[in-house]
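Structural characterization, general
For reference, the chains in residue letters:
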Amino acid sequence: MTDATAPITREQCEEADRNDPLAGLRARFALPEGIVYLDGNSLGALPRDAVARAADVVSREWGADLIGSWNKNHWFALPLRIGEKIGRLIGGGAGECVATDTTSVNVFKAVSAAIRLQQQDAPARRVIVSERENFPTDLYIVEGLMALIDRGYSLRLIDAPEDLDAALDEDVAVVLLTQVNYRTGHLWDMREATDRIHAAGALAVWDLCHSVGAVPVAVADAGADFAVGCTYKYLNGGPGSPAFFWVAERHLDRVETPLTGWWGHDRPFAMTDAYAPAPGGRRFLVGTQPILSMATMEVGLDMHLEVDQEALRRKSLALTTLFIRLVETRLSRHPLTLITPREEAQRGSHVSFRHPEGYAVMKALIANGVIGDYREPEVLRFGVTPMYLGHTDVWDAVETLRRVLDEELWRAPEFQERDAVT
Ligand SMILES: *Cc1c(COP(=O)(O)O)cnc(C)c1O
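The residue numbers shown here count from 1 along each chain, following its written sequence. Selection of residues for local features in this predicted model requires a pLDDT of at least 70, selection of side-chain atom pairs for listing and counting requires 80 or more, and totals for whole chains, interfaces and linings are taken over all residues. Excluding hydrogens and water, the side-chain values take into account all heavy atoms of the structure.

What about the packing of helix α5 (residues 103–121) against helix α6 (residues 136–149)?
Following both chains from N to C, one finds α5 and α6 inclined at 45°, their axes separated by 9 Å at the closest point. Comparing the axis directions of α5 and α6 gives the class oblique. Here α5 and α6 pass one another in a crossing that is right-handed. Contact residues: α5 offers S104, V107, F108, V111, S112 and I115, while α6 offers T137, D138, I141, V142, L145, M146, L148 and I149. Gly falls in the polar group here, along with every residue not listed as nonpolar (Ala, Val, Leu, Ile, Met, Phe, Trp, Tyr, Cys, Pro) or charged (Asp, Glu, Lys, Arg). The class makeup of the residues in the contact of α5 with α6 is ten nonpolar, three polar and one charged. All axes are obtained by fitting lines to C-alpha atoms, using only the stretch in contact for helices, and the reported angles, taken between N-to-C directions, cover 0 to 180 degrees. For helices the rule is a DSSP run of H or I covering at least 4 residues; for strands it is a run of E covering at least 2, with both sets numbered from the N terminus onward. Oblique is the label for every angle not falling under 35 degrees (roughly parallel), over 145 degrees (roughly antiparallel), or within 65 to 115 degrees (roughly perpendicular). Working rule for handedness: look at the near helix, and if it is turned counterclockwise from the far one by less than a right angle, call the crossing left-handed; if clockwise, right-handed. Whether two residues touch is decided by their heavy atoms; if any such pair falls within 4.5 Å, the residues are in contact.

Describing the domain arrangement of the protein
Where each domain begins and ends is defined by an automated method or by a domain database. Along its sequence, the protein is carved into domain 1 (10–30 + 308–415) and domain 2 (51–306). Computed over C-alpha atoms only, the centres of domain 1 and domain 2 are separated by 30 Å. Each partner contributes residues to the interface: domain 1 has 28 residues there, and domain 2 has 19 residues. Note on terms: buried area is the combined drop in 1.4 Å-probe accessible area of two parts once they are placed together, counting the loss on both. Summed over both partners, the interface of domain 1 with domain 2 comes to about 2,000 Å²; 57% of that surface belongs to carbon and sulfur atoms. Here R28 ties to E306 by a salt bridge, and the two come within 3.1 Å at their closest N and O atoms. Definition of a polar contact: a pair of N or O atoms within 3.5 Å, with one able to donate and the other able to accept a hydrogen when the atoms are protein atoms, and with sequence-neighbouring residues admitted only if both atoms are side-chain atoms. If you look at where domain 1 meets domain 2, you find 14 residue pairs in polar contact (both at pLDDT 80 or more). Broken down by secondary-structure element, the contributors of at least two residues to the side of domain 1 that touches domain 2 are α11 (309–330), β10 (350–354) and β13 (379–383). Element by element, the count of residues in the side of domain 1 that touches domain 2 is highest for α11, at five residues. Salt bridges are defined by distance alone: a side-chain nitrogen of Lys or Arg within 4 Å of a carboxyl oxygen of Asp or Glu.

A few points about empty space enclosed by the protein
Residues are said to line a cavity or pocket when one of their atoms sits within 4 Å of a point; the points come from a 1 Å grid over protein atoms alone, cavities being sets where a 1.4 Å probe fits but cannot get out and pockets being open sets with protein on both sides within 12 Å along at least five of seven lines. Grid points are joined across faces, edges and corners, and a volume is the space filled by probe spheres set on the points. Across all of its chains, the model carries one cavity of 30 Å³ or more by this definition. Its boundaries defined by the atoms lining it, the largest cavity holds a volume of some 30 Å³. If you trace the largest cavity, you find it lined by L89, I90, V212, G213, V215, P216, V217 and Q309. In terms of residue class, the lining of the largest cavity is built from six nonpolar, two polar and no charged.

Regarding the packing of aromatic side chains
Pairing of aromatic rings covers Phe, Tyr and Trp, the last counted by its six-membered ring, and requires centre-to-centre distances within 6.5 Å; plane angles under 30 degrees mean stacked, over 60 mean edge-to-face, and any other angle means tilted. Under the defined criterion, the tally for this structure stands at 14 aromatic pairs. Measuring from ring centre to ring centre gives 5.2 Å for W70 and W75, while their planes differ by 90°; the resulting arrangement is edge-to-face. Burial classes follow relative accessibility: with a 1.4 Å probe on protein chains only, a residue under 20% of its type's maximum area counts as buried, one over 50% as exposed, and anything between as partly exposed. Looking at W75, the relative accessible area reads 7%, which means it is buried. Ring geometry for F245 against F284: centres 4.0 Å apart, planes inclined by 20°, an arrangement best described as stacked.

Describing the pairing of strand β5 (residues 172–178)
Side chains on a regular strand alternate between the two faces of the sheet. Summarising burial for β5: seven of the seven residues are buried, a large majority. Inspection of the sheet shows strand β3 (residues 127–131) paired to β5 by three bridges, in the parallel sense. Opposite V127, over in β5, you have V172 as the bridge partner. Here, a strand pair is defined by DSSP locating no fewer than two bridges between the strands. Pairing of β5 with strand β6 (residues 203–207), which is carried by five bridges, proceeds in the parallel orientation. Within the sheet, the bridge partner assigned to L177 lies in β6 and is W206. A right-handed crossover is one whose linking path, passing over the helix from the first strand to the second, runs clockwise when the strands point away from the viewer. Crossover β5 to β6 through helix α8 (residues 190–199) is right-handed.

See the structure below:
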């Protein structure tokens, strides 16, 4: 598939799948027959081994070993042990990363901690910069934090990635960016953006929710200050599996958490009167961890640690490029507008198109076995997870989309009504 103008056939896609060195990974996921799952960027698929792990942690560790499991089955160390693994995956060092809480809560902790560092180093800086197009929870959390600290802090939102430089001045304390945009799939060059943020005297907090597990991440190499992200998307951790929190080594000796719970205490079981922070990233734990979902999440994470992230990235780009080409060559008479960057270096692992009837089109598509999702406004979003999808899946998905549009299947009344989760 090198000639960008020649039409692509299903046979070529099958051939590409036969030559795909990562094709064997799919059998390790419990995907139902007869569907194409293009929503692994919202909820990753179930790794088969996670079923046995979940059963074991429930029946044996909880059921039989009961409270002894905190020591015997190492529950207490779980957020650190898994945090180390995530740290390795995102290019961080030992003791800098913990698995814990949700991304929303971790954004709160990271931005607060970054503000506190700046209060010591550059107290006049009181602006937080982020993107208007950021995932809403990141902005909601920062707004809540601003209201809480109430000392003249404000949020400055940029409308497009090119506006970052103009927003960086001597008032900016912290910049909160999401490496891959959840709607458009735009990918920041983390190192280059972090350099600009640092040159302006601000600290960089990165949200990796839509990049970890699909795009190679190197937080330390990029010079990031903090990073957070979730594990239930491309890492296949399971619904609501714990998120992660990473802080750069250079901040470890003085960084403070705003949520001083007992799990972040130096000696939680000493039950002392005064709070004393644990060393390293452990201080960013708050309370008792969700052991069942954390244990289950480790299975998907371990698979990612086995796989070469560069190979995964190459496959992801091959599939998203194929998706775009097929839509643009085979569905060109329909009003689909690509909102994902064409430039591969600026693209994450999903592709999005606007369509005026986007919501009904997506519902009709799902009813026909192709599971993507819909995001306001009018956006059809297709997550292309290189772990378990192939070229033929992309072909079949685009063909189903063509049928939904050609035959106007989306016009059926049952596709017009909105569900609570889209
Ligand atoms: C998915 C996602 C979240 C989700 O946050 P939760 O607290 O896990 O619900 C946050 N930020 C971004 C950028 C996301 O893509």
